[in-house]
Amino acid sequence: MEASREATHTIKVDVPDEQYDYVIVGGGTAGAVVARRLAEDPRVRVCLIEAGPSDENDPIIADPLAWEEMLGSEYDWNYHVEPTGGRGNPKMLHSRAKVLGGCSSHNSVIAFLTPDADLRRWESEGAAGWSPAKCAPYFEKLKQKVTLETVQPVNELNRTFIQAGVEAGFPQATFNSPEWLSKFEPCVGYFQLNSIGRERCSSSKCYLHPIRDLPSNLVLKLNTFIKRILFDAQRNAIGVLTHDDKVLGASKETILCGGAFDTPKLLMLSGIGPSWHLRELNIPIIANLPVGEHLIDHPEGVIIWESTKPIPGPTIQRYEAALFANALPQTTESKESPDLMFHFALEAFDFNTKLYGYPTARNAFSMTPNVTRAKSEGTLRLRSNDWREKPVINTGYFTDKAGYDEDVMIAGIKIARKVMSQPSIKPWVKRELVPGPEVQSDKDISEYVRKTCNSVYHPAGTCKMGAANDSSTVVTADLKVKSVGRLR
């Protein structure tokens, strides 16, 4: 039995070590929700597998203000991008959570519902069933479980930033309101956070806690790694093989919830991916699909000012207000909705700029322009056929031929400076620390932004969804993996 498990990706398993109806790989933001919802049917047995530990009763995870402490910690996969991966920052850390609740246990708890324009575009591009009307009931179900609170105007500097945005021509809006979702335009406002005050409302907290009270038909396996998905001779997924060579059988479906890095990695290790790439790593081919292609993200820059006075409290997580703008009004994207977003930070967001010797200050604040619909695409590949190896992440930042992403970011630095020149906030500005007032030309701004850029940690696209007859897609609109059975 052990030899057959290592020899091929199709395997005859008469008696799996454990048998379930559904096996879910990844106990993160999506996996926790999917597992608990499936387990509402007492007739089915569900197994939820998470590579990391539990988040329950961990005060660091529970506190949104501590989110930056988890970057690079034991709760992080600590992925790094390839130095040749585009024209962006070769030193960038691409954090992905390794803990129950995934990035909802690890992030800054900023919560957005999907604007209607985005959902309409998804459906027009082949994602049938993803219209605003079809998705609305599920957003309502989510809000019954997860608390979303709008940041209150209690911080003086946040209030001043909002006023400066209004003075610069950006009307104040209520994010996630029906009006905002139906007509997403340039604006400034306070975030909604999935938290209750300083207590994080992650998917694990809202759907799985307390773990001791989980229904008996939902089995949770922590600190468990998956080597590959197993298939029968008809290319139906029949379960997974764990790091300690146990077969967890799935009689109905195997569901992958590993995110934009670990789901494509597992698919390729299991024989689903570009055939040329699988052949070069001696992985038996189950299905030739463009897994790992079309990696998209939100590249992010930063501009930092030293403050004339101490940064005030209170704050929940230091990033509580935002501004949306049209950087390039002539583009199709700008006509549909803003092509540029800024977080406003009650700190110097300096962990990339410090790597290149830029100054910082204790009393400082920042704006972080990011491209809302980046045109550049990267790739994710396997480093080897060893499941323990981290994937090769090529972000492809700023490689779109028309230079759209670069132009948006250059405009972002200029818009940020315009906001900071407004009368309400100007008394707070002691000096521009990063990139510095001497950086003025488009060429110099571009060089700075590309060298020091970060990710907003929103990778997507590596298992592209769309129409079944679209050769660029990996999954259909109902999230079924093409060319195989019983796998989502």
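Quick caveat, the model's predicted, so the values are computed rather than measured.

Student: Hey, could you run me through the side chain of aspartate 118 in this one?
Tutor: Relative to the helices and strands, aspartate 118 resides in helix α4 (residues 116-124). For aspartate 118, a relative accessible area of 12% puts it in the buried group. A polar side-chain atom of aspartate 118 sits 2.6 Å from a polar atom in the side chain of arginine 373.

Student: Quick question: what am I supposed to make of α4 here?
Tutor: Structural remark: α-helix, 3.6 residues per turn; residues separated by three or four positions point the same way. Restricting attention to buried positions, one finds in α4 the residues Asp116, Ala117, Asp118, Leu119 and Arg121. Just past α4, the residue glycine 126 takes up positive phi, approximately 120°.

Student: I'm lost on the sheet that holds strand β8 (residues 192-193) in this one. Help?
Tutor: Across a sheet, paired strands are connected by hydrogen bonds in the backbone, their directions being either parallel or antiparallel. Read across the open sheet, the 3 strands follow the order β5-β8-β6; overall the sheet is antiparallel. With one partner strand each, in any of the chains shown, β5 (110-111) and β6 (149-150) form the two edges of the open sheet. As judged from the 2 bridges shared by β5 and β8, these two strands associate in the antiparallel manner. By the bridge assignment for β8, isoleucine 110 is matched with leucine 193.

Student: Would you mind going over empty space enclosed by the protein with me for this structure?
Tutor: Where empty space is left becomes clear once a probe the size of a water molecule has been rolled over the atoms. Inspection of the entire model under this criterion finds 2 cavities of 30 Å³ or more. In this structure, the largest cavity spans a volume of roughly 50 Å³. Considering the residues around the largest cavity, the lining is formed by Glu300, Gly301, Val302, Phe349, Phe351, Asn352, Thr452, Cys453 and Asn454. Of the residues in the lining of the largest cavity, the class split is 4 nonpolar, 4 polar and 1 charged.

Student: What's the story with the packing of helix α12 (residues 404-420) against helix α13 (residues 442-452) in this structure? I'm lost.
Tutor: If you want to describe how two helices pack, look at the angle between their axes and the distance between the axes. For the pair α12 and α13, the least separation of the axes is 9 Å and the interaxial angle reads 100°. It follows that α12 is roughly perpendicular to α13 by the angle criterion. Each of Glu406, Met409, Ile410, Ile413, Lys414 and Arg417 in α12 lies in contact with α13, whose residues at this interface are Asp442, Ile445, Ser446, Tyr448, Val449 and Arg450.

Student: Sorry, what's going on with the packing of α4 against helix α5 (residues 132-145) here?
Tutor: Interhelical geometry of α4 versus α5 gives an angle of 125° and a closest axis separation of 9 Å. One finds that α4 runs oblique with respect to α5. Contact residues: Asp116, Leu119 and Arg120 in α4; Pro132, Cys135 and Phe139 in α5. Across the contact of α4 with α5, the residue classes tally to 4 nonpolar, no polar and 2 charged.

Student: What am I meant to see in the sheet that holds strand β12 (residues 226-231) here?
Tutor: Taken in spatial order, the 6 strands make up an open sheet running β11-β2-β1-β14-β13-β12, and their pairing is mixed. Each end of this open sheet is capped by a strand with a single partner; those strands are β11 (218-221) and β12. The sheet shows a mean angle of 40° between the axes of neighbouring strands, direction not considered. Across 3 bridges, the pairing between strand β13 (residues 237-242) and strand β14 (residues 247-256) is antiparallel. Its bridge partner lying in β14, glycine 239 is registered against glycine 249. The strands touched by helix α9 (residues 259-269) within the sheet are β1 (18-25), β12 and β14, with β12 carrying the most contacts at an inclination of about 55°.

Student: Help me understand the environment of arginine 381, please; the structure alone is not making it clear to me.
Tutor: You can see arginine 381 is positioned in strand β22 (residues 379-381). Residue class for arginine 381 comes out buried when judged on its relative accessible area of 15%. In this structure the C-alpha to C-alpha distance between arginine 381 and serine 104, which are 277 residues apart in sequence, comes to 25 Å. Excluding residues that lie within four positions of it along the chain, arginine 381 makes contacts with Met268, Pro274, Trp276, His277, Val291, Gly292, Glu293, Pro391 and Val392. Looking at arginine 381, its side chain comes within polar contact range of the side chain of glutamate 293, at 2.8 Å.

Student: Looking at this structure, I do not really get unusual backbone geometry. What am I missing?
Tutor: Excluding glycine, most residues fall at negative phi; most peptide bonds, likewise, are trans. Cis rather than trans, the peptide bond between histidine 209 and proline 210 has omega equal to -10°. Mapped onto the elements, proline 210 comes out in the loop between α8 (203-207) and β11. Omega for the peptide link from valine 434 to proline 435 comes to 0°, which places this bond in the cis form. Mapped onto the elements of the fold, proline 435 is located in the loop between β24 (429-434) and α13. The backbone of asparagine 57 sits at a positive phi, close to 65°, despite the residue not being glycine. Within the fold, asparagine 57 resides in the loop between β2 (46-49) and α3 (59-62).

Student: Which parts of the structure should I look at to understand the state of the cysteines?
Tutor: Working definition: the covalent bond between the sulfur atoms of two cysteines is a disulfide. Taken as a whole, this structure holds 0 disulfides when the rule is applied. For cysteine 463, which is in no disulfide, the shortest distance to another cysteine sulfur is to cysteine 257 and amounts to 11 Å.

Student: Explain the packing of aromatic side chains to me, please; I cannot follow it from the model alone.
Tutor: Centre distance and the angle of the planes are the two values used to describe a pair of aromatic rings. With the rule as written, the count across this model stands at 23 aromatic pairs. Considering the side-chain rings of tryptophan 77 and phenylalanine 225, the 6.1 Å spacing of their centres and the 80° angle between planes classify their relative orientation as edge-to-face. Taken as a pair, tryptophan 77 in the loop between α3 and β3 (79-80) and phenylalanine 225 in the loop between β11 and β12 lie far apart in primary sequence, 148 residues in all. Their ring planes at 80° and their centres at 5.6 Å tell us that phenylalanine 175 and phenylalanine 324 sit as a pair that is edge-to-face. Pair noted here: phenylalanine 175 is in the loop between α6 (156-167) and α7 (178-182) and phenylalanine 324 is in strand β19 (residues 319-325), with a separation of 149 residues, a long-range link. Of the two residues, phenylalanine 175 and phenylalanine 324, neither departs from the other in class, the shared state being buried. One aromatic cluster in this structure is built from Phe112, Phe175, Trp180, Phe184, Phe191 and Phe324. Sitting above the plane of the tryptophan 77 ring, lysine 98 keeps its charged end 4.9 Å from the centroid. Above the face of the tyrosine 404 ring, lysine 375 is positioned so that its terminal group lies 5.4 Å from the ring centre.

Scoring rules and cut-offs
Residues numbered from 1 in each chain as written. Predicted model: local features only at pLDDT ≥ 70, side-chain atom pairs only at ≥ 80, totals over all residues. Heavy atoms only, no water. Helix = DSSP H or I, 4+ residues; strand = E, 2+ residues; numbered from the N terminus. Buried < 20%, exposed > 50% of the residue type's maximum accessible area, 1.4 Å probe, protein only. Polar contact = N/O pair within 3.5 Å; in protein donor to acceptor, adjacent residues only side chain to side chain. Pairing = 2+ DSSP bridges. 1 Å grid on protein atoms, 1.4 Å probe; cavity = no way out; pocket = protein on both sides within 12 Å on 5 of 7 lines; lining within 4 Å. Points joined across faces, edges and corners; volume = space filled by probe spheres on them. Nonpolar A, V, L, I, M, F, W, Y, C, P; charged D, E, K, R; others polar. Axes fitted to C-alpha atoms, helices over the stretch in contact; angles between N-to-C directions. Parallel < 35°, antiparallel > 145°, perpendicular 65-115°, else oblique. Contact = heavy atoms within 4.5 Å. Disulfide = S-S within 2.5 Å. Phe/Tyr/Trp six-rings, centres within 6.5 Å; stacked < 30°, edge-to-face > 60°. Lys NZ or Arg CZ within 6 Å of the ring centre and 35° of its normal.

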